[in-house]
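Each chain is listed here by its residues.
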Amino acid sequence: ALWCLMMSVTPTRGCLLDLPWEDILVPHILCHLPLQQLLSLQRVCKSFQSLIQLYLANMRCFDSSQIGPAIPRAAFVNLLKDNEVLQQLALQNCSDWLTDQELLPVIGQNHHLHQIQLKGCAQLSRHALVAISLSCPNLRQLSLAHCEWVDSLSLRSLADHCKALEAVDLTACRQLKDEAICYLVQKCSRLKSLSLAVNANVGDVAVEETAKCCPELEHLDLTGCLRVKNDSIRVLAEYCPKLRSLKVKHCHNVAESSLSILRSRGVELDVEPPLQRALVLLQDVVGFAPFINLQI
């Protein structure tokens, strides 16, 4: 496809660039090409460079992973400097250098963002989350996994201003405690997916409040939340009829007595029933699956 576009520069029976840019080329042709190829296309000629700049200014989705394993800081700033219509922003490939200085201008000029992915962007600060909350009132999905700079004050700002949130990933946001999670779910009752994984400060209080405030909840990740116990899992089963999956691996205080309620409803769990776990362990020891007569 890229080769065909490049060949069209030669005006034989007409040039591709003669087509209406904003009505045809940008929305119906360039949108089907990988971003990395579009950036290469800029080097064909000045006309293509102008066309690609127009495309970048009207791009609705920017995913840094489409460019490669890493994107230079200067390239990122140049790519998004004129864009004010972004709806989806994924920057996990920028984690090595992304700071507030690069992110805040992009957030400040894009008020239509409804999906933001900042997984592993450890060099940002709480000001980034405050800026997101103030600039993106229609935000529905947000990933802050492994962003340890997220604190209770910035999360409160998010909860106060982004009440349409449906999916939030707070994996390994280790500053957060039950109180902050409770405030979030009280304000954002439309949540369908929530990850609190790898957070030793999260316990039953946060899980129970989540269950009571978010009846639409479908996915909950509590992996490694050591303070979560059976009582909150029972509350979850009672208040969340739409729950489809629950992760409780390494939650040592959660037992089958509470999980069986969810298991009987067909909820996908990441831990096996006790008997099945025992059979797997036995298989690992003896090297084959034994035939066991379970009839009484």
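Residues numbered from 1 in each chain as written. Predicted model: local features only at pLDDT ≥ 70, side-chain atom pairs only at ≥ 80, totals over all residues. Heavy atoms only, no water.

This brings us to the overall build of the chain. For the chain, the helix and strand inventory stands at 13 helices and nine strands. When contacts within the chain are restricted to residue pairs at least 6 apart in sequence, long-range pairs at least 24 apart make up 72% of them. Surface exposure of the chain reaches about 15,300 Å², of which carbon and sulfur atoms provide 52%. (Helix = DSSP H or I, 4+ residues; strand = E, 2+ residues; numbered from the N terminus. Contact = heavy atoms within 4.5 Å. Areas by Shrake-Rupley, 256 points an atom, 1.4 Å probe, with all protein chains shown as cover.)

Attention now moves to the nonpolar core. Grouped together as the largest cluster of nonpolar side chains are 86 residues, with contacts concentrated most on Phe 62, Leu 222 and Leu 246. Here this core spans two domains, and each of domain 1 (21-58) and domain 2 (166-277) adds at least three residues to it. Among all residues touching Leu 246, those that are not within four sequence positions of it are Leu 220, Leu 222, Ile 233, Leu 236, Leu 259, Leu 262, Val 267, Glu 268, Leu 269 and Asp 270. (Core = buried A, V, L, I, M, F, W, Y, C linked by side-chain atoms within 4.5 Å. Buried < 20%, exposed > 50% of the residue type's maximum accessible area, 1.4 Å probe, protein only. Domains from an automatic or database assignment.)

Glancing now at unusual backbone geometry. In this structure, His 146 takes a positive phi of about 65 degrees despite not being glycine. As for its position among the elements, His 146 is in the loop between strand S4 (141-143) and helix H8 (152-161). Phi is positive for His 250, close to 70 degrees, though the residue is something other than glycine. Inspection of the secondary structure puts His 250 in the loop between strand S8 (245-247) and helix H12 (256-264).

Bringing the state of the cysteines into the picture now. Within the structure shown, the criterion is met by zero disulfides. No disulfide involves Cys 162; its nearest neighbouring cysteine sulfur is the one of Cys 136, lying 6.6 Å away. By relative accessible area, Cys 162 is classed as buried at 0%. Cysteine Cys 251 remains unbridged, with the sulfur of Cys 225 as its closest cysteine sulfur at 5.5 Å. (Disulfide = S-S within 2.5 Å.)

Take the packing of helix H6 (residues 100-108) against helix H7 (residues 126-135) next. As a packed pair, H6 and H7 sit with axes 9 Å apart at the nearest point and diverge in direction by 5 degrees. Viewed along their axes, H6 and H7 adopt a mutual orientation that is roughly parallel. Only His 127, Ala 128, Ala 131, Ile 132 and Ser 135 of H7 make contact with H6, whose side of the interface consists of Asp 100, Leu 103, Leu 104, Ile 107 and Gly 108. When its residues are assigned to classes, the contact of H6 with H7 shows six nonpolar, three polar and one charged. (Axes fitted to C-alpha atoms, helices over the stretch in contact; angles between N-to-C directions. Parallel < 35°, antiparallel > 145°, perpendicular 65-115°, else oblique. Nonpolar A, V, L, I, M, F, W, Y, C, P; charged D, E, K, R; others polar.)

Bringing the packing of aromatic side chains into the picture now. Under the defined criterion, the tally for this structure stands at two aromatic pairs. An aromatic cluster is present here, built from Phe 62, Phe 76 and Trp 97 joined pairwise through their rings. Positioned over the ring face of Tyr 183 is Arg 156, at 3.8 Å from the centre of the ring. (Phe/Tyr/Trp six-rings, centres within 6.5 Å; stacked < 30°, edge-to-face > 60°. Lys NZ or Arg CZ within 6 Å of the ring centre and 35° of its normal.)

With that settled, consider the environment of Ser 189. Secondary-structure assignment places Ser 189 in the loop between helix H9 (178-187) and strand S6 (193-195). For Ser 189, a relative accessible area of 36% translates into the label partly exposed. Residues Ser 189 and Leu 217 lie 28 residues apart in sequence; the distance between their C-alpha atoms is 8.9 Å. Beyond its immediate chain neighbours, meaning those up to four positions away, Ser 189 contacts Cys 213, Cys 214 and Pro 215.

Glancing now at the environment of Asp 178. With respect to the helices and strands, the residue Asp 178 is situated in helix H9. Residues Asp 178 and Val 202, 24 residues apart in the sequence, show an inter-C-alpha distance of 5.3 Å. Setting aside residues no more than four positions away along its own chain, Asp 178 makes contact with Asn 201, Val 202, Gly 203, Val 205, Ala 206 and Arg 227. Among the polar contacts listed, one links the side chain of Asp 178 to the backbone nitrogen of Gly 203, at a separation of 2.8 Å. (Polar contact = N/O pair within 3.5 Å; in protein donor to acceptor, adjacent residues only side chain to side chain.)

Bringing the pattern of salt bridges into the picture now. Summed over all chains, the structure comprises nine salt bridges. Residue Asp 82 pairs with Lys 81 through a salt bridge whose shortest N-O separation is 2.9 Å. The class for Asp 82 is partly exposed, based on a relative accessible area of 48%. On the basis of relative accessibility, which here comes to 46%, the residue Lys 81 falls in the partly exposed class. Here Glu 216 and Lys 242 are joined by a salt bridge, their closest N and O atoms 2.6 Å apart. Of this pair, Glu 216 sits in the loop between helix H10 (204-213) and strand S7 (219-221) while Lys 242 sits in the loop between helix H11 (230-239) and S8, and the two are 26 residues apart along the sequence. The class for Lys 242 is partly exposed, based on a relative accessible area of 42%. (Salt bridge = Lys/Arg side-chain N within 4 Å of Asp/Glu carboxyl O.)

Don't take any of this as a statement about function, it's just geometry.
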